Amino acid sequence: MTDSLPTFIAHHRPAVEAALAEHLPLSSQPGADRMNEALHYAVFPGGKRWRPMLTLLGALIVGGTVKRALPAACAVEFLHTSSLILDDLPAMDDADLRRGRASLHIAFGEGIALLTALALLNQAYALMACAARDTAAMQRLLCEATRCIGSDGMIGGQVADLESSPAFADAAVMASRNLKTTALTRLMMTSGAIVAGANETDIAALAHFGESFGAAYQVCDDLMDETGERDALGKTVRQDGRHRRPSFVADLGPEGSARLAASLIEAGKQALRERFGPRREVYLLAQAADFMLSSYVATRPAAFARS
């Protein structure tokens, strides 16, 4: 098979970039210029656009089209960017570097950063509602989005992360804390498929892959937070230790963390193979998972972390 993930990304990136610009929630109100600048700053820092690309693959694997899935792909990117802005705020991780440059609240102030994140979050839900092909799909997609982002999803995971400590880092606490990553990656994989009208069995397989991918990503992120370098990652490092929060590295060590991430990736790929067989999209999604894992474990993190 000669197709490759870099080829897929290169082919579809212009359409993704154009759609992100088209759907950017710019304000027409007087005095909103700085927020509009902040939106451009946050959404267009470069990178390969991994998350919207994987959303497109989630649609294609169930017979959908790139054109119909693009709004959902943009929604996922806006949600991800919103979460990064909020994570970096002084009340959260208090990070001064993101994607190789100053965090949004450093560049534009906390107030503008918060409002920019809210504008992106709000636009994401609007895009999902517009992307659905009918009322039933819209309800399914919005329910999935609110579940993945809400108090038992990404937001709940962030709360668990803020409130946790190494002394109380059992398996349940770590699973809750991981929702800050796994819930969004689940949505990344399922949203395009729901737009395409996928059945529940297909959606469940993609959800399994997304959650496994997200869990492995969190393990690798913990690993690189502890062992990576600021300039290579393009973001603030040693956050877990500075905030005295639990991590997989503290519990398992670097080698144990790498083994866990590899096992999670294999479980996700197996779920895809069992449901969809030897399809092109299965091959490309497996490539994405393997690339993410090798980029972190081999201490070459910049390609994914900045994307």
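Here is a short report on the structure shown in this document. Starting from 1, residues in each chain are numbered consecutively following that chain's sequence as written. Reporting of local features is limited, given that this is a predicted model, to residues whose pLDDT is at least 70; pairs of side-chain atoms are given and counted only at 80 or more, and all residues count toward the totals for whole chains, interfaces and linings. Side-chain numbers come from the whole structure's heavy atoms, not from hydrogens or water.

A short note on the packing of helix α3 (residues 50–60) against helix α4 (residues 66–88)
With their axes 8 Å apart at the nearest point, α3 and α4 run at an angle of 145 degrees to one another. α3 and α4 meet at a crossing whose hand is right-handed. Contacts between α3 and α4 involve R51, P52, T55, L56, A59 and L60 on the former and, on the latter, V66, A69, L70, A72, A73, V76, E77 and H80. Amino acids outside the nonpolar list (Ala, Val, Leu, Ile, Met, Phe, Trp, Tyr, Cys, Pro) and the charged list (Asp, Glu, Lys, Arg) are all regarded as polar, and Gly is one of them. Partitioned by chemical class, the residues of the contact of α3 with α4 number ten nonpolar, two polar and two charged. Axis geometry follows a simple rule: fit a line to the C-alpha atoms, using only the stretch in contact for helices, then measure angles between N-to-C directions, giving values from 0 to 180 degrees. The helix count covers DSSP runs of H or I at least four residues long, the strand count covers runs of E at least two residues long, and both are numbered beginning at the N terminus. A clockwise turn of the near helix away from the far one marks a right-handed crossing, whereas an anticlockwise turn of less than a right angle marks a left-handed crossing. Contacts between residues were defined by any pair of non-hydrogen atoms, one from each residue, lying within 4.5 Å.

As for the packing of aromatic side chains
Pairing of aromatic side chains requires ring centres within 6.5 Å, counting the rings of Phe and Tyr and the six-membered ring of Trp. Pairs whose planes differ by under 30 degrees are stacked, by over 60 edge-to-face, and all others tilted. Evaluation of the coordinates by the stated rule reveals three aromatic pairs. Both rings, one in W50 and one in F291, keep their centres 5.4 Å apart while their planes meet at 15 degrees; by these two values the pair is stacked. Pair noted here: W50 is in helix α3 and F291 is in helix α14 (residues 280–297), with a separation of 241 residues, a long-range link. Residue F291 is classed as partly exposed on the basis of its relative accessible area, which comes to 32%. Here the aromatic rings of F209 and F213 are separated by 5.8 Å at their centres, their planes lie at 55 degrees, and the arrangement is tilted. Separated by four residues within a single helix, F209 and F213 lie in helix α10 (residues 200–227), roughly one turn from each other. Exposure class is identical for F209 and F213. Each is buried. Between R101 and the ring centre of Y41, over which it is positioned, the NZ or CZ distance is 3.9 Å. Only protein chains enter the accessibility calculation, which uses a 1.4 Å probe. A residue is then buried if its area is under 20% of the maximum for its type, exposed if over 50%, and partly exposed in between. Whether a charge lies above a ring is judged from NZ of Lys or CZ of Arg, which has to be within 6 Å of the ring centre and within 35 degrees of the ring normal.

Digging into a nonpolar patch on the surface
In this analysis, a patch consists of residues with relative accessible area above 30% that form no salt bridge, clustered at 9 Å for like charges and at 5 Å for the nonpolar side chains Val, Leu, Ile, Met, Phe, Trp and Tyr. Exposure was quantified through the Shrake-Rupley algorithm and a 1.4 Å probe, taking into account, for residues, occlusion by the shown protein chains and nothing else. Salt bridge, as applied in this entry: a Lys or Arg side-chain nitrogen positioned within 4 Å of an Asp or Glu carboxyl oxygen. On the surface, L114, L115 and L118 cluster together into a nonpolar patch covering about 260 Å² of accessible area. Mapped onto the elements of the fold, L118 is located in helix α6 (residues 110–131).

Describing the packing of helix α1 (residues 5–23) against α4
At a minimum axis separation of 9 Å, α1 and α4 run at an interaxial angle of 65 degrees. Our pair here, α1 against α4, has a crossing hand that is right-handed. Here α1 contributes H12, A15, V16, A19, L20 and H23 to the contact with α4, which in turn contributes V66, L70, C74, E77 and F78. Across the contact of α1 with α4, the residue classes break down as eight nonpolar, two polar and one charged.

Quick word on the side chain of R186
Considering the arrangement of structural elements, one finds R186 in helix α9 (residues 171–195). The exposure class assigned to R186 is buried, which follows from its relative accessible area of 12%. Those residues in contact with R186, other than ones at most four positions away along the chain, are E144, R147, C148, A207, G210 and E211.

Geometric values such as these leave the question of function open.
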